[in-house]
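# An overview of the molecular structure
The primary structure of each chain is shown beneath.
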Amino acid sequence: MPDIVSQYRADLLHSPERGQIERIPDALVSVDGDGMITSVAQYSAAKTTPDTIDLRGQGVLIPGLVDLHIHAPQFPQLGMALDVPLEDWLLRYTFPLEARYADLDFATEVYGAMVRRLLAGGTTTAVYFATIHAASSLRLAEICVELGQRALVGRVAMDDPESCPEYYRDADAKTAIKDTADFITAVRAIPNNTLVEATVTPRFIPACSDEALAGLGQLAAEMNAPIQTHCSESDWEHHFVHARCGMSDTFALDSFGLLTRRTVLAHAGFIDDDDMDLIRARGAGIAHCPLSNTYFANAAFPLRHALEKSVRVGLGTDISGGPSAFLLDNARAAVATSRMLETGTDPSKEQHSRGVPESRIDFRGAFWLATMGGADVLDLPVGLFAAGRHFDAVLVDLPDTDLVPLSDEDLLQAIVMRATPADLKATWVAGRRVCDDQ
Ligand SMILES: Nc1nc2[nH]cnc2c(=O)[nH]1
């Protein structure tokens, strides 16, 4: 095992179990040359080196945030074009923007700016959809390696001429599958790449032919690759798949070999109990994107029900279906939408018939989703300060927290509910400080 190369003296705040938080004041975190935590101890009891980095008085250290769903090419339209339904949005705004990534210079500029912005916002692990373009999708993976962000990156497959415009689609199913295989091989060949993995990425069932979906399922199995796609996102999408496949997205994806332990399903707002049981049985996970769902989903994802059925769930910003690149905006939106689902929203209805009882989560659950929940979906050893986990961390210095004494719970609630990117003072991924200008 590599020797200890860094030690951090800091106040730690993390969530080992859903619903629980743990604060370790004045801790010493030891990290080896691979960026792996070797021990977490009380400072007074620990053996230190003279170079220990003392973060006391500069804020509290939380685990890095895990964003399970980002459309990297949509970063330039963040906060825009949210006034139309999903199916119009794709055709009017999003496909024309994504088509521009045939231009490698444009891709390099946008992807560099975006990865820097996300690191400054504490996103240490990101799951990206890129575009259909092999070269610029590879450039995104290279930029993540260079700037030090842990990531899963997918070259998007979409070949169905019925739903994808001629100017932006794969020529046919064979091209979609071959370009995906070549992309995975190319990402695996990036020099010094310990951070980025390539995914098989059928955009969603409506954009792909059956031949492409089946071929991509087979490819994922052959190359042991992770998979990401959209699932039961909106009324339109959910009914489209039922009409075409005669079953839900979940069952259809499974029939194509696309529902595995390594699958991340974005949104999943319309999944029912049978879908949840199948998702749990296959071990797939869900990227819950509450801000995006507000605009495109037509309903609130039954988050707590899914968690109580032991479905693995984390959070996604869904840039740019959601208007914020900051994952904690989605953590607080997850709290808000779960409470609206529980209470209901139509005041003309009686209280007892207005909502779905026992739907709410609180700030503890939201913090867990943003850290450990995402780590769990990806089976990555991040999300927690413990030996054997990567040192992916964020230093948060929330203003005005010294005006009255705060309990650990108060401090965490304040971070989850009101921190902004400006309150994040440093970000580390695998022991490397990746953000100097916060
Ligand atoms: N939110 C969202 N849903 C999709 N479904 C298919 N493509 C997309 C996309 O880019 N964003």
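Values in this document were obtained by computation on a predicted structure and should not be read as measured data.

Reading the values: the criteria
- Within every chain, residues take consecutive numbers counted from 1 along the sequence as written.
- Local features in a predicted model are, by the rule used here, given only for residues with pLDDT of at least 70; side-chain atom pairs are given and counted only at 80 or more, and totals for whole chains, interfaces and linings are based on all residues.
- Calculated side-chain values reflect all of the structure's heavy atoms, with hydrogen atoms and water omitted.
- Residue types Ala, Val, Leu, Ile, Met, Phe, Trp, Tyr and Cys, when buried and joined through side-chain atoms within 4.5 Å, form a set referred to as a nonpolar core.
- Here's how the labels work: a residue is buried when its accessible area is under 20% of the maximum for its type, exposed when over 50%, partly exposed in between, all with a 1.4 Å probe on protein chains only.
- A helix here means a DSSP run of H or I that spans at least four residues, while a strand means a run of E at least two residues long, and both kinds are numbered starting from the N terminus.
- Where each domain begins and ends is defined by an automated method or by a domain database.
- Nearness here has a simple test: a residue counts as near a molecule or strand if at least one of its heavy atoms is within 4 Å of that partner.
- Distance and chemistry together define a polar contact, namely a pair of N or O atoms within 3.5 Å, with one atom able to donate a hydrogen and the other to accept it when in protein, and with adjacent residues in sequence counting only for side-chain atoms on both sides.
- Accessible surface area values rest on a Shrake-Rupley calculation with a 1.4 Å probe, where residue burial reflects the displayed protein chains alone.
- Polarity classes work like this: nonpolar for Ala, Val, Leu, Ile, Met, Phe, Trp, Tyr, Cys and Pro, charged for Asp, Glu, Lys and Arg, and polar for all others, with Gly in that last group.
- Whenever a helix is involved, its axis is fitted only over the stretch in contact; in every case the axis is a line through C-alpha atoms, and angles between N-to-C directions fall within 0 to 180 degrees.
- Crossings are assigned a handedness: left-handed for a near helix turned anticlockwise from the far helix by less than a right angle, right-handed for a clockwise turn.
- Residues count as neighbours in contact if any of their non-hydrogen atoms are within 4.5 Å of one another.
- Side-chain rings of Phe, Tyr and Trp (the six-membered ring for Trp) are treated as a pair once their centres are within 6.5 Å; stacked means planes under 30 degrees apart, edge-to-face means over 60, and tilted covers the remaining angles.
- Ring-over charges, as used throughout, are those where CZ of Arg or NZ of Lys falls within 6 Å of the ring centre and within 35 degrees of the ring normal.
- Only one rule defines a salt bridge in this text: a Lys or Arg side-chain nitrogen within 4 Å of an Asp or Glu carboxyl oxygen.
- Orientation categories follow fixed angle ranges, with anything under 35 degrees roughly parallel, anything over 145 roughly antiparallel, 65 to 115 roughly perpendicular, and all other angles oblique.
- Two strands pair if DSSP finds at least two bridges between them.
- The handedness of a crossover follows from its direction of travel: if, with the strands pointing away from the viewer, the path from the first strand over the helix to the second runs clockwise, the crossover is right-handed.

Glancing now at the nonpolar core. Tyr 111, Met 114, Tyr 128 and Leu 140 are the most contacted members of the largest nonpolar core, which totals 104 residues. Ranked by the residues each element gives to this core, the list is headed by helix H2 (residues 104–120), at nine residues. Each of two domains, domain 1 (4–63 + 383–435) and domain 2 (65–378), supplies a minimum of three residues to this core. Among the nonpolar cores identified, the runner-up in size contains 17 residues, and Leu 82, Ala 99, Ile 132 and Met 158 belong to it.

Moving on: the site of the ligand. Near the ligand, the surroundings consist of His 71, Gln 74, Leu 86, Trp 89, Leu 90, Arg 203, Phe 204, His 230, Glu 233, His 267 and Asp 318. His 230 places a polar side-chain atom, nitrogen or oxygen, 3.4 Å from a nitrogen atom of the ligand. A distance of 2.7 Å is found between a nitrogen atom of the ligand and a side-chain nitrogen or oxygen belonging to Glu 233. Coverage of the ligand by the protein chains reaches 100% of its 280 Å² of free accessible surface. Here the residues of the shell around the ligand sort into four nonpolar, four polar and three charged.

As a packed pair, H2 and helix H3 (residues 134–147) sit with axes 9 Å apart at the nearest point and diverge in direction by 35 degrees. Helix-helix and strand crossings are classified by hand; for H2 and H3 the assignment is right-handed. Residue-level contacts link Leu 104, Ala 107, Thr 108, Tyr 111, Gly 112, Met 114, Val 115, Arg 116 and Leu 119 of H2 to Ala 135, Ser 136, Arg 139, Leu 140, Ile 143, Cys 144 and Leu 147 of H3. Residues belonging to the contact of H2 with H3 are distributed by class as follows: eleven nonpolar, three polar and two charged.

What follows deals with unusual backbone geometry. A cis amide bond links Ile 319 with the next residue in sequence, Ser 320, at an omega value of 0 degrees. Its place among the elements puts Ser 320 in the loop between strand E13 (312–315) and helix H11 (327–343). For Asn 224, which is not glycine, the phi torsion reads 45 degrees and is therefore positive. Tracing the chain through its elements places Asn 224 in the loop between helix H5 (210–223) and strand E10 (227–231). For Glu 358, which is not a glycine, the phi torsion comes out positive at approximately 55 degrees. Since its relative accessible area comes to 58%, Glu 358 is described here as exposed.

To continue, consider the packing of aromatic side chains. Counted by the stated rule, this structure contains ten aromatic pairs. With 6.0 Å between their ring centres and 55 degrees between their planes, Phe 204 and Trp 236 make a pair best called tilted. Here Phe 204 is found in the loop between strand E9 (196–202) and H5, whereas its partner Trp 236 is found in helix H6 (residues 235–245), with 32 residues between them in sequence. By relative accessible area, Phe 204 is classed as buried at 5%. The exposure class of Trp 236 is partly exposed, given its relative accessible area of 28%. Measuring from centroid to centroid gives 5.9 Å for Phe 391 and Trp 428, while their planes differ by 55 degrees, and the two rings are tilted. With Phe 391 in the loop between helix H12 (363–378) and strand E14 (393–396) and Trp 428 in strand E15 (residues 424–429), this pair connects stretches of sequence that are 37 residues apart. For the cation-ring pair, Arg 100 lies above Phe 106, with the distance from its terminal atom to the ring centre recorded as 4.0 Å.

The subject of this paragraph is the pattern of salt bridges. Enumeration according to the criterion identifies 24 salt bridges in this entry. Taking the shortest distance from any N to any O, the salt bridge between Asp 210 and Arg 244 comes out at 2.9 Å. One end of the pair, Asp 210, is in helix H5; the other, Arg 244, is in helix H6, and 34 residues separate them in sequence. The partly exposed category is assigned to Asp 210, whose relative accessible area is 42%. With a relative accessible area of 30%, Arg 244 lands in the partly exposed category. A salt bridge links Asp 277 to Lys 309, with the nearest nitrogen and oxygen atoms 2.9 Å apart. In this pair, Asp 277 is assigned in helix H8 (residues 273–282) and Lys 309 in the loop between helix H10 (303–308) and E13, connecting sequence segments 32 residues apart. Asp 277 sits in the partly exposed class, given a relative accessible area of 29%.

Bringing the packing of helix H4 (residues 173–188) against H5 into the picture now. Relative to each other, H4 and H5 sit at 25 degrees, their axes nearing to 8 Å. The orientation of H4 with respect to H5, classified from their angle, is roughly parallel. For H4 against H5, the interelement crossing comes out right-handed. Between H4, through Ala 173, Lys 174, Ala 176, Ile 177, Thr 180, Ala 181, Ile 184, Thr 185 and Arg 188, and H5, the contact on the second element is made entirely by Glu 211, Ala 212, Gly 215, Leu 216, Leu 219 and Met 223. Of the residues contributing to the contact of H4 with H5, the split by class is nine nonpolar, three polar and three charged.

Within E9, six of the seven residues are buried, which leaves the element mostly enclosed by the surrounding structure. Pairing geometry for strand E8 (residues 150–157) and E9, over seven bridges, is parallel. Of the residues in E9, the one forming a bridge with Val 153 is Ala 198. In terms of handedness, the path from E8 via H4 over to E9 forms a crossover that is right-handed.

Interpretation note: all reported values are geometric properties and have no functional meaning in isolation.
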